[in-house]
Amino acid sequence: MDLKHMAARAEAAAASRLPGDGAGGGALDGHTGVSVQGSVPEVLGTEDSSQHGAPAGADAEPEMVQLLTPEGKLRDGGSYSAYAELGAEELRGLYRDMYTIRRFDQEATALQRQGELVMWVPMTGQEGAQIGSGRALQTQDYVFPTYREHGVALTRGLKLSSLLRRFRGVSHGGWDPRESNFHLYTLVLAAQVPHAVGYAMGMARDRKMDPQLPEAATVAYFGDGASSEGDVHEAMVFAASYDAPVVFFCQNNHWAISVPTEVQSRIPLANRAKGYGFPGIRVDGNDVVAVRAVTRWALEHARSGKGPVLIEAFTYRMSAHTTADDPTKYRLSADEEAWISRDPLTRLEKHLRAAGLADDAFFETLARDGQVMAEKLREDVLAMQSPGFTDAFTDVYAEAHPLIQEELDFHRRYEAGFADSQEPTA
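*Asks:* Please clarify how the overall build of the protein chain should be interpreted in this entry.
*Replies:* Scanning the protein chain for helices and strands turns up 16 helices and ten strands. Relative to its full complement of 426 residues, the protein chain shows a buried share of 51%. Across the protein chain, contacts joining residues at least 24 apart in sequence account for 75% of those joining residues at least 6 apart. As presented, the protein chain carries roughly 19200 Å² of accessible surface, and 51% of it is formed by carbon and sulfur atoms.

Shown next as structure tokens:
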């Protein structure tokens, strides 16, 4: 199957289930798309058998939680009412976060194109999924990101320029995870997911030893492509076995670089949770209000000892996989255009204006603030210093190590052995 054929197939499949306003074009009920039995939401769907031989109901499209329509109309929170309450300032804050991180993403992309970054991983289009889930977290929760969760990093209070240190090539990390409970970016696909489960199990044991510790959970972010990795399966097995307080947050962008989700999975990703015995929820990932509500519920469920939850945020990244990627080789322009009207910023702006919660002055101020932020970001990046020769040795361990010192001495002697060379400096 060539790439253009896969793109056409994916477009046809996606068009039948794009998040809509409840009047067609999406799998929605009148309110949330999820019913609640006790404290565990049950994904609704028809019980037809799979053409590929999957168990009856396994391939049924799950109902999608949507609280803010593409037209900017706010729905009744239904089962998530207690988690969906937002005041005017909170709604404006969600928009401010999404606008800021999109402006950051644009500037980072420009920096890479100008040769100031080695590579960049864009996230434009996924602001609703990241800001909504990030704003659902509590201070004691711990995040294990991939390499694209720039919006979640913003909600955890990270200085945005620190995210660019690794992509500038001046650091192996960029920040201290202990200061924000936001782990370092993981470039190895899905490797962070078992780490999130192990950390969650550790937190649960710590609290068992000391009940005075606050209830806490971890969130493991990964994409639809990473869901095919064995690490995710193993992590979910362990999480289910030990009722680990972890939320698996899958941002389903529909494309694992050039491979559409339909090729990777014969059933909807949210339905996979059934095989492990814990709740799976599909949420409109471009609806920041719904994502926040669903993630708040899932985190509360996990923190209270009821076990893990899988959230599938149904979204679409409007940019490339990385700046080394050319999506025009496999994605159709019609597919991208179909998602423009579902832009997470546009729909919240429509609601803010229609409800009289924000005026032109608010958006103009954001634009000015965004420009100031971008200029400061560029200034910070250009001021980043490259690491010295000895840093490669001194940064391996927290304290001096005799073997590493021996290797450093060897390299110094080696470099000094060249007649026209000078000894490397720090």
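*Asks:* How do you make sense of the packing of aromatic side chains when you look at a structure like this?
*Replies:* Note on aromatic pairs: each is described by the distance of the centres and the angle between the planes. Per the counting criterion, the structure on display carries 22 aromatic pairs. A ring pair is formed by Tyr276 and Phe278, whose centres lie 5.9 Å apart and whose planes are at 20°; its orientation type is stacked. Given the relative accessible area of 21%, Tyr276 is considered partly exposed. Of the aromatic side chains, those joined through ring pairs into one cluster are Phe104, Trp120, Phe167, Trp175, Phe182 and Tyr185.

*Asks:* Hey, could you run me through the pairing of strand 6 (residues 246–252) in this one?
*Replies:* Side chains on a regular strand alternate between the two faces of the sheet. Of all seven residues that make up strand 6, seven are buried, and the element is covered over most of its length. The two faces of strand 6 match: Val246, Phe248, Cys250 and Asn252 on one face and Val247, Phe249 and Gln251 on the other face are all buried. Pairing of strand 5 (residues 218–223) with strand 6 involves six bridges; the strand directions are parallel. Bridging from a neighbouring strand, Ala220 pairs with Phe248 of strand 6. As a crossover connection, the stretch from strand 5 through helix 8 (residues 230–241) into strand 6 is right-handed. Where strand 6 meets strand 10 (residues 309–314), six bridges bridge the pair, whose relative direction is parallel.

*Asks:* When you look at the sheet that holds strand 10 in this model, what are you seeing that I'm missing?
*Replies:* Strand pairing within a sheet occurs via backbone hydrogen bonds; the two strands may be parallel or antiparallel. Pairing in this open sheet of six strands is parallel, and the strands run 3-9-10-6-5-4 from one edge to the other. For this open sheet the edge positions go to strand 3 (64–65) and strand 4 (142–144), each flanked by a neighbour on one side alone. Looking at chain direction, strand 3 and strand 9 (residues 280–284) are connected through two bridges and run parallel. Paired with Met64 across the two strands is Arg282, which belongs to strand 9.

*Asks:* How should I be thinking about the side chain of Asn181 in this particular structure?
*Replies:* Looking at where Asn181 falls in the secondary structure, it is placed in the loop between helix 6 (165–168) and helix 7 (192–209). The contacts of Asn181, once residues within four sequence positions are left out, are Thr139, Gln140, Asp141, Tyr142, Val143 and Arg156.

*Asks:* Teacher, can you tell me more about the nonpolar core here?
*Replies:* A general tendency of soluble globular proteins is for nonpolar side chains to be buried together. With 67 residues, the main nonpolar core has Phe104, Leu164 and Leu348 as its most contacted residues. Considering every element that reaches this core, the biggest residue donor is helix 11 (residues 288–306), with ten residues. Ignoring sequence-local partners within four residues, the contact set of Leu348 consists of Leu68, Leu91, Leu94, Tyr95, Met98 and Val288. Judged by nonpolar contacts, the second largest core, of 23 residues, contains Ala196, Phe222, Val232 and Val246.

*Asks:* Can you walk me through the pattern of salt bridges in this structure?
*Replies:* Once their charged atoms are close, side chains differing in charge can pair, the charge on each being opposite to the other. Scanning the model with the defined rule gives 19 salt bridges in all. Between Arg102 and Asp343 there is a salt bridge, and its shortest N-O distance comes to 3.0 Å. Of the two residues, Arg102 sits in helix 3 (residues 88–113) while Asp343 sits in the loop between helix 12 (333–340) and helix 13 (344–354), which places them 241 residues apart along the sequence. Accessibility assignment for this pair places Arg102 and Asp343 in one class, buried.

*Asks:* What is the right way to read the pairing of strand 5 from this model?
*Replies:* Most of strand 5 is tucked away: five of the six residues are buried. Here three bridges tie strand 4 to strand 5, and the two strands are oriented parallel to one another. Bridged to Tyr142 within strand 5 is Thr218.

*Asks:* Can you help me understand a nonpolar patch on the surface in this one?
*Replies:* A surface patch of nonpolar side chains, about 330 Å² in accessible area, is lined by Phe410, Tyr414 and Phe418. Counting through the fold element by element, Tyr414 comes out in helix 16 (residues 402–416). Judged by relative accessible area, which is 46%, Tyr414 ranks as partly exposed.

*Asks:* When you look at the environment of Phe182 in this model, what are you seeing that I'm missing?
*Replies:* Take Phe182: it is sitting in the loop between helix 6 and helix 7. In this structure, the C-alpha to C-alpha distance between Phe182 and Thr155, residues 27 residues apart in sequence, is 9.9 Å. Not counting the four nearest positions on each side in its chain, Phe182 is found in contact with Val143, Pro145, Glu149, Val152, Ala153, Arg156, Leu158, Trp175 and Pro177.

*Asks:* Any chance you could explain the packing of helix 3 against helix 11 here in plain terms?
*Replies:* Remark: helix 3 packs on helix 11, axes separated minimally by 11 Å, with the N-to-C direction vectors making an angle of 105°. Between helix 3 and helix 11, the angle falls in the class roughly perpendicular. On helix 11, the residues touching Glu90, Leu91, Leu94 and Met98 of helix 3 are Val288, Val289 and Arg292.

*Asks:* I tried to follow helix 3 on my own but got confused; where do I start?
*Replies:* Spacing of three or four residues puts side chains on the same side of an α-helix, whose turn is 3.6 residues. The terminal C-alpha atoms of helix 3, which comprises 26 residues, lie 38 Å apart, in line with the 38 Å expected from a rise of 1.5 Å per residue. Of the residues flanking the end of helix 3, it is Gly115, one or two places downstream, whose phi is positive at about 85°.

*Asks:* What should I look at first to understand the side chain of Thr124 in this one?
*Replies:* Counting through the fold element by element, Thr124 comes out in the loop between helix 3 and helix 4 (127–134). The contacts of Thr124, once residues within four sequence positions are left out, are Arg102, Asp105, Tyr316, Arg317, Met318 and Ser319.

*Asks:* Honestly, the packing of helix 13 against helix 14 (residues 360–382) in this entry has me stumped. Any pointers?
*Replies:* A packed helix pair is summarised by two numbers, namely the angle formed by the two axes and the spacing between the axes. Between helix 13 and helix 14, whose axes approach to 10 Å, the crossing angle comes to 140°. On the basis of their axis angle, the class for helix 13 and helix 14 is oblique. Judged by residue contacts, Glu349, Leu352 and Arg353 of helix 13 engage Asp360, Phe362 and Phe363 from helix 14.

Each value, and the rule that gives it
- Residues numbered from 1 in each chain as written.
- Predicted model: local features only at pLDDT ≥ 70, side-chain atom pairs only at ≥ 80, totals over all residues.
- Heavy atoms only, no water.
- Helix = DSSP H or I, 4+ residues; strand = E, 2+ residues; numbered from the N terminus.
- Buried < 20%, exposed > 50% of the residue type's maximum accessible area, 1.4 Å probe, protein only.
- Contact = heavy atoms within 4.5 Å.
- Areas by Shrake-Rupley, 256 points an atom, 1.4 Å probe, with all protein chains shown as cover.
- Phe/Tyr/Trp six-rings, centres within 6.5 Å; stacked < 30°, edge-to-face > 60°.
- Pairing = 2+ DSSP bridges.
- Right-handed = clockwise from strand over helix to strand, strands pointing away.
- Core = buried A, V, L, I, M, F, W, Y, C linked by side-chain atoms within 4.5 Å.
- Salt bridge = Lys/Arg side-chain N within 4 Å of Asp/Glu carboxyl O.
- Patch = residues over 30% accessible without salt bridge, like charges linked within 9 Å, V, L, I, M, F, W, Y side chains within 5 Å.
- Axes fitted to C-alpha atoms, helices over the stretch in contact; angles between N-to-C directions.
- Parallel < 35°, antiparallel > 145°, perpendicular 65-115°, else oblique.
- Expected span 1.5 Å × (residues − 1).

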